[in-house]
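# Commentary on secondary and tertiary structure
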Amino acid sequence: MSLPNWQARSRLPGLGDASGHDEVLAWEIAVLRRGGRESETGRRLRACVKSGAIAGFVPAALVFAVYVFEAWEWGMPWLRIASVVAVFAPIAGVLLAGCVEVMVMWSDRVARAWWPLRVIANPLMAGLVGGVVAGIGPGAVGVPVFGSYSGPFLGTPELACACIGAAALVVVPAARRSGVRRIAVALGLATVIAAAMAAVVTPVVVDEAFAQIGDGLQSQGAMIGAVCGAIAGGFLGLYVGLVIVLGRVLDFGWRDRARRIE
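Remember, it's a predicted structure, so these values are computed and weren't measured experimentally.

Attention shifts here to the overall build of the chain. For the chain, the count of helices and strands is 8 helices and 0 strands. Across the 262 residues in the chain, those meeting the buried criterion constitute 37%. A sequence separation of at least 24 residues applies to 83% of the contacts in the chain between residues at least 6 apart. Accessible area for the chain stands at about 15,600 Å²; split by element, carbon and sulfur atoms hold 69% of it.

Next up, the structure:
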């Protein structure tokens, strides 16, 4: 009795049976999937680009719209300024989100390796360092560029609200990627603390800086801007790290309470 062609082919030497073909095919598909799977670091960094661009553009666009409304009679080159803001703000947001995310991931790995290192390897320090690094470039570029236009000063409260709003848009997805669940409560507490700190830090960074450089904006603007950007970026990075720390503390306390109830 002869076998059907497909059964005969499946029993040829070196081919094995039909079930063997299925196993080989499944193994090849699994290898392809593992090879094409994006790493955790790559996934988080790619998410930083999206969230950082949104976090940079949205607050800047809102503040710019308010500024245009208040200073329209000055006849400034609004389209040129708008184009600069449209490019500058998303880049600054991506830098903040990316640098802080990298430092938080690094600090978590170091802390898991040896717990005493948590004194320095924690989201607070990670956010501070990442924010300082992220703020140098935008500060060095932003102060000479935007300070070269002849117009009324935007205002310290507006700048503070834009920066904190951008950091809030950065920290929500960043905290979620870090495993924080109670983001709303942590965000509220950190915002209150950050607002109190901003009332002291922002006037020093903005008002005093522009008052000191005066007519030397073109020659000293980049240097002063880099320093101011590092301070402002460190403050915003510290805010992001504070939200993550508070969120983790709240999550730990909630889990501990749930275990006691059980």
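Here the narrative resumes, following the displayed structure.
Moving on, we come to the environment of Ile 231. Among the structural elements, Ile 231 can be located in helix α8 (residues 217-261). Remark: the alpha-carbon pair of Ile 231 and Ile 136, spanning 95 residues in sequence, is separated by 8.6 Å.

Quick look at a nonpolar patch on the surface now. A cluster of nonpolar residues, Ile 54, Phe 57, Val 58, Leu 62 and Leu 169, forms a patch on the protein surface that exposes about 430 Å² of accessible area. With 4 residues, helix α3 (residues 40-70) is the largest single contributor of residues to the nonpolar patch. Take Leu 169: it is sitting in helix α6 (residues 156-177).

The next thing to look at is the packing of aromatic side chains. What describes a pair of aromatic rings is the distance from one ring centre to the other and the angle between the planes of the rings. With the rule as written, the count across this model stands at 4 aromatic pairs. Between Tyr 67 and Trp 78, the ring centres sit 5.8 Å apart and the planes meet at 75 degrees, which makes this aromatic pair edge-to-face. Placement of Tyr 67 in helix α3 and of Trp 78 in helix α4 (residues 78-113) is noted, with a sequence separation of 11 residues between them. The exposure class of Trp 78 is buried, given its relative accessible area of 10%.

Each value, and the rule that gives it
Residues numbered from 1 in each chain as written. Predicted model: local features only at pLDDT ≥ 70, side-chain atom pairs only at ≥ 80, totals over all residues. Heavy atoms only, no water. Helix = DSSP H or I, 4+ residues; strand = E, 2+ residues; numbered from the N terminus. Buried < 20%, exposed > 50% of the residue type's maximum accessible area, 1.4 Å probe, protein only. Contact = heavy atoms within 4.5 Å. Areas by Shrake-Rupley, 256 points an atom, 1.4 Å probe, with all protein chains shown as cover. Patch = residues over 30% accessible without salt bridge, like charges linked within 9 Å, V, L, I, M, F, W, Y side chains within 5 Å. Salt bridge = Lys/Arg side-chain N within 4 Å of Asp/Glu carboxyl O. Phe/Tyr/Trp six-rings, centres within 6.5 Å; stacked < 30°, edge-to-face > 60°.

These figures come from the coordinates and say nothing about function on their own.
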